[in-house]
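Take a look at the letters that make up each chain.
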Amino acid sequence: MAERRHLLDVDDLDREDMERVLDTARSFSEVLHRPIKKVPSLRGKTVVNLFYESSTRTRMSFEVAAKRLSADVLNFNVSTSSVEKGESFKDTALTLEAMGVDAVVVRHPVAGAPWLLRQWLQAAILNAGDGMHAHPTQALLDLFTMQERLGELQGRTIAFVGDILHSRVARSGIKACRAMGMKVLAVAPPTLLPPVALEGVVTGSDLDDVIPHCDVLYMLRIQMERQKEGRFPSLEEYTRLYQLNMQRLGKARPQVVVMHPGPMNRGVEIAAEVADAPHAAITAQVSAGVAIRMAVLFLLLGGSEGGEKVA
Ligand code: NCD
């Protein structure tokens, strides 16, 4: 990945690149368990978080990841910036670059926005979620979490369940899981499946049919903010057919891993008891996010020429 200076989607990475990110993240996750959780790898580098959409986990974990690597971090907040005075995306980006940033972590409601930044700026661009399109660091942290729970991923089965249509998490996650040799299922009401077939994915609408065959159940949030038109009759009906509740969990394999990217709608796509059950790896996903983002920043900004070791 050293010569590729950006991370826009998981297609930028082949399986070997992904393994390198996962291995590097494993070394960093060891650092995160030390009393002093900081290494000097990116001392003197500056990372800006440019978030045009709300975020808790992704923004905070990019920030903490950069800080743990000793980089300087700028957090750009749209609501208190000159975007409120009408400044364009391009001018905002050029302004930040003129301050000498080495990496821009961008989240934007428009699909493709990080690719525009790549054209305009010299800095490394990291996509932290663009519209309904891609979310590569989420896909990598999900692989990391699954490996921690399951070991080898080749041949394992994962079902993405719920609002796949609007989900950049599912779009990048599906590609990453397939690249690792997993069998991928997508389960949703027909109106929440993408109109164009997802390559290499078995789609269906009956969750109860699928549950006993999965190693991972990946529950997705219903994204109300991205749907103006009603895509299912009611939340009650959705919950009845698609919620992962204790009764459904009882039909799953004993070691099944339950995942969710957050933020959860407890009581809609996932029952509160399931979110808190030992099968759930939801907080492990958050911890993995810090290690993965450290790894990606390190490999893009410091990995080769910095010469400093992870430890
Ligand atoms: C997701 C996102 O923003 O794409 N959250 C995340 O990054 N962890 C998923 C969502 O909003 O449902």
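Residues numbered from 1 in each chain as written. Predicted model: local features only at pLDDT ≥ 70, side-chain atom pairs only at ≥ 80, totals over all residues. Heavy atoms only, no water.

**Digging into the sheet that holds strand E5 (residues 157-161)**
Here is step 1: The five strands lie next to each other as E7-E6-E5-E8-E9, forming an open sheet whose pairing is parallel. Taken across any chain shown, the strands that pair with only one partner, and hence form the sheet edges, are strand E7 (201-204) and strand E9 (257-259). Averaged over all pairs of adjacent strands, the angle between their axes in this sheet comes to 20 degrees, without regard to strand direction.
Here is step 2: Contacting E5, strand E6 (183-187), E7 and strand E8 (216-219), helix H6 (residues 168-179) runs over the sheet at an angle of about 170 degrees to E5. (Pairing = 2+ DSSP bridges. Helix = DSSP H or I, 4+ residues; strand = E, 2+ residues; numbered from the N terminus. Axes fitted to C-alpha atoms, helices over the stretch in contact; angles between N-to-C directions. Contact = heavy atoms within 4.5 Å.)

**Considering empty space enclosed by the protein**
Here is step 1: For the structure shown, the criterion picks out one cavity of 30 Å³ or more.
Here is step 2: As a volume, the largest cavity reaches approximately 100 Å³.
Here is step 3: Taken together, 13 residues make up the lining of the largest cavity; nearest its centre are Arg57, Gln138, Pro261, Gln285 and Val286.
Here is step 4: Within the residue set of the lining of the largest cavity, elements represented by two or more residues are helix H2 (57-68), helix H5 (136-150) and helix H11 (282-302).
Here is step 5: When residues in the lining of the largest cavity are grouped by element, the largest group, five residues, is from H11. (1 Å grid on protein atoms, 1.4 Å probe; cavity = no way out; pocket = protein on both sides within 12 Å on 5 of 7 lines; lining within 4 Å. Points joined across faces, edges and corners; volume = space filled by probe spheres on them.)

**Focus on the nonpolar core**
Here is step 1: Residues Phe160 and Leu297 are the most contacted members of the largest nonpolar core, which totals 95 residues.
Here is step 2: Inspection of this core shows a minimum of three residues originating in each of domain 1 (10-135 + 288-305) and domain 2 (136-285).
Here is step 3: Look past the residues within four positions of phenylalanine 160 in its chain and what remains in contact with it is Ala170, Gly173, Ile174, Cys177, Val184, Leu185, Ala186, Val187, Tyr218 and Leu220.
Here is step 4: The next biggest cluster of nonpolar side chains, apart from the first, holds 17 residues, and it includes Leu8, Ala93, Val104 and Ala123. (Core = buried A, V, L, I, M, F, W, Y, C linked by side-chain atoms within 4.5 Å. Buried < 20%, exposed > 50% of the residue type's maximum accessible area, 1.4 Å probe, protein only. Domains from an automatic or database assignment.)

**Quick word on the layout of surface pockets**
Here is step 1: Within this model, the largest pocket holds a volume of roughly 430 Å³.
Here is step 2: Taken together, 20 residues form the lining of the largest pocket, with Arg107, Arg168, Arg221, Gly262 and Pro263 sitting closest to its centre.
Here is step 3: Among the elements of the structure, H2 and H6 are those that each provide at least two residues to the lining of the largest pocket.
Here is step 4: Here the lining of the largest pocket is composed, by residue class, of four nonpolar, nine polar and seven charged.
Here is step 5: In this structure, the lining of the largest pocket is formed jointly by two domains, domain 1 (10-135 + 288-305) and domain 2 (136-285), each of which donates at least three residues. (Nonpolar A, V, L, I, M, F, W, Y, C, P; charged D, E, K, R; others polar.)

**Some words on the sheet that holds strand E1 (residues 46-51)**
Here is step 1: Strand order in the open sheet formed by four strands is E2-E1-E3-E4, and the pairing between neighbours is parallel. Single-partner strands in this sheet number two, and they are strand E2 (72-77) and strand E4 (124-130). Ignoring strand direction, the axes of neighbouring strands in this sheet form an average angle of 15 degrees.
Here is step 2: The sheet contact formed by E1 and strand E3 (residues 103-108) spans five bridges and is parallel. Note that in E3 the partner of leucine 50 across the bridge is valine 106.
Here is step 3: Across the face of the sheet, helix H4 (residues 113-120) comes into contact with E1, E3 and E4 while running at roughly 165 degrees to E4.

**Observations regarding the pattern of salt bridges**
Here is step 1: Enumeration over the complete set of coordinates arrives at 15 salt bridges.
Here is step 2: The residue arginine 156 makes a salt bridge to aspartate 215 at a minimum N-O spacing of 3.4 Å. Of the two residues, arginine 156 is situated in the loop between H5 and E5 and aspartate 215 in the loop between helix H7 (207-210) and E8; the sequence distance between them amounts to 59 residues.
Here is step 3: Looking at arginine 156, the relative accessible area reads 25%, which means it is partly exposed.
Here is step 4: Residue classification places aspartate 215 among the buried residues on the basis of a relative accessible area of 9%.
Here is step 5: Put simply, aspartate 215 and arginine 253 hold a salt bridge, and the shortest N to O gap is 2.9 Å. Of the two residues, aspartate 215 sits in the loop between H7 and E8 while arginine 253 sits in the loop between helix H9 (246-249) and E9, which places them 38 residues apart along the sequence.
Here is step 6: What makes arginine 253 partly exposed here is its relative accessible area of 35%. (Salt bridge = Lys/Arg side-chain N within 4 Å of Asp/Glu carboxyl O.)

All we've got here are geometric facts, nothing functional implied.
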